[in-house]
Amino acid sequence: MLVRVALALERGYLLLVAGCCGLALAWPGLFTWLAPFIAPALGVIMFGMGLSLTFADFSALLPKWRLVAVGTLLQFSIMPGLAWGLSRLFGLPPEAALGVILVGACPGGTASNVITYLAGGNLALSVTLTLATTLAAPVVTPALTALLAGPVIAVDGWAMVGSVFWIVVFPVVDGLVLRRLLRRRLEPVLAVFPALSMLVIALVIACVMGLNRDTVLAFPGLILAVVVLHNCGGFALGYAGASLFTAVRADRVAIAVEVGMQNSGLAVALAKLHFTALAALPGALFSLVQNLTGVIWAGCLARSRKAPTDTAGQS
C-alpha cells in the first residue's frame, strides 16, 4: 500500500506542488508553521540521497573524472554567472538578486536524475555529477554567494559553510553509513523515500509561498522572468558548453540537465536561515519552473534522440 501511494505521489509531483502552493496562497497558516524547520526538512531529503548511495558510487567517479570535472566546472560557472548577469540586467531589488544568485551558486538537484532519464541522457553521469557538486557545495556555494552578492548585501560566508555542512554533507554521510550497515533491511524504506522527499520539498515550497503571500499575489513578474531565463539559459548554455568537450549526445544531455536544474531547496533553506523570506522566493519559484521546463525539455529531447545526427554522434 505504501509503495502504491509513493508511486502515485511521484507521478503527481507537479500537481502536488501546485496544489500545496495554491492552498498556501489561500490559507498561509497551513504551511507557514514549517518556517523554523526548513533546514531540518531539507536534511531529511539529503539523508534520503545518502541512503540511495553506496561506496561503489564514489569509486565510479574515477573513470569519468574528465566529464565530471567539465560538468562541475560548467555547473559552478554558468549558473552563478547567469544569475549575477540577469539580476543586474533586470535591476532586481537586493534581496531578490541575492536569492537568484544563491540559487545559481547551489549544486545540482536530485530531480535532474529523473529528467536525464526521461530525456535519454547518461543517467550514471547525471548521478555522479549530482554527487560531485553536492560534495563541493559546502565550500563553493558560500564562496560564490559572497563573491557575487557581497557587494549588494552583507553575506556571512563562513556561517553559510557551517549551514551547508549540517544541511547537506552530514545527513548524506549518515545515510551512506546507515545503508552500509543495514543493507537489505533498508529496501522497504528506499522504495518510499523518493516520494517522502517530494512531499517534504512540496511543503517547503508551499511554506515559502505562504510567507511571501502578498508579494506572490502582486505577481512578481520581474522575478519570475529572471527565474525562467535563468533556468532555460542553464539548459541551453550547459548543452553548448558540454558540446565543446564531448560528441556523445547522452553525455551532453546529462551535463545540460545537471547545469540547468539546481538544488533549489538548499537555496530556500540558506535564504531562510541567513537572510529573509523574500530572498527565499526565487528558490521556491525556481523549483516550480525547473520541474515544468525540465519535463517539457526532456520530452523534446526524447522525441529527437533517434535523429541520424545524434545516433552518428554516439557511434
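Residues numbered from 1 in each chain as written. Predicted model: local features only at pLDDT ≥ 70, side-chain atom pairs only at ≥ 80, totals over all residues. Heavy atoms only, no water.

1. What about the overall build of the protein chain?
Along its length, the protein chain carries 17 helices and 0 strands. Here the protein chain, with 315 residues, has 51% of them falling under the buried criterion. Considering only intrachain contacts with a sequence separation of at least 6, the fraction spanning at least 24 residues in the protein chain is 85%. Carbon and sulfur atoms provide 72% of the accessible area of the protein chain, an area that totals close to 13900 Å². (Helix = DSSP H or I, 4+ residues; strand = E, 2+ residues; numbered from the N terminus. Buried < 20%, exposed > 50% of the residue type's maximum accessible area, 1.4 Å probe, protein only. Contact = heavy atoms within 4.5 Å. Areas by Shrake-Rupley, 256 points an atom, 1.4 Å probe, with all protein chains shown as cover.)

2. Here we look at the side chain of R252
On the secondary structure map, R252 appears in helix α14 (residues 249-260). With relative accessibility at 12%, the residue R252 sits in the buried group. Here the side chain of R252 touches A247 through a polar contact of 2.8 Å, landing on its backbone oxygen. (Polar contact = N/O pair within 3.5 Å; in protein donor to acceptor, adjacent residues only side chain to side chain.)

3. Notes on the side chain of S287
Mapping S287 onto the fold places it in helix α16 (residues 277-304). In this structure S287 touches Y13, I205 and S264, once residues within four positions along its chain are discounted.

4. With respect to the nonpolar core
In terms of nonpolar packing, the biggest core is built from 79 residues, with I167, M209 and I255 touching the most fellow members. Setting aside anything within four residues of it in sequence, one finds I167 in contact with A39, L42, G43, M46, L266, A269, L270 and L273. In this structure, I115, A119, V253 and A298 belong to the second largest nonpolar core, which totals 8 residues. (Core = buried A, V, L, I, M, F, W, Y, C linked by side-chain atoms within 4.5 Å.)

5. Comments concerning the environment of V100
By secondary structure assignment, the location of V100 is in helix α7 (residues 94-105). A relative accessible area of 2% places V100 in the buried class. Spatially, the C-alpha atoms of V100 and L86 are 8.8 Å apart, while their sequence positions differ by 14 residues. With near-sequence residues (within four places) excluded, V100 lies in contact with A83, S87, L92, V226, H230 and P282.

6. A short note on the packing of aromatic side chains
By the definition in use, this model includes 1 aromatic pair. Summarising the aromatic geometry, the rings of F235 and W297 are spaced 4.8 Å apart at their centres and angled 20 degrees between planes, so their arrangement reads as stacked. Of this pair, F235 sits in helix α13 (residues 221-243) while W297 sits in helix α16, and the two are 62 residues apart along the sequence. According to the relative accessible area criterion, F235 is buried, its value standing at 4%. (Phe/Tyr/Trp six-rings, centres within 6.5 Å; stacked < 30°, edge-to-face > 60°.)

7. Topic: the packing of helix α6 (residues 65-90) against α14
Direction vectors running N to C along α6 and α14 enclose 35 degrees, while the axes themselves pass 9 Å from each other. As for the relative orientation of α6 and α14, their crossing is right-handed in sense. Across the interface between the two elements, L67, G71, L74, Q75, I78 and M79 of α6 pack against D251, I255, E258, V259 and G260 of α14. Grouping the constituent residues of the contact of α6 with α14 by class yields 6 nonpolar, 3 polar and 2 charged. (Axes fitted to C-alpha atoms, helices over the stretch in contact; angles between N-to-C directions. Left-handed = near helix turned anticlockwise from the far one by under 90°. Nonpolar A, V, L, I, M, F, W, Y, C, P; charged D, E, K, R; others polar.)

These values are about where atoms sit, not about what they do.
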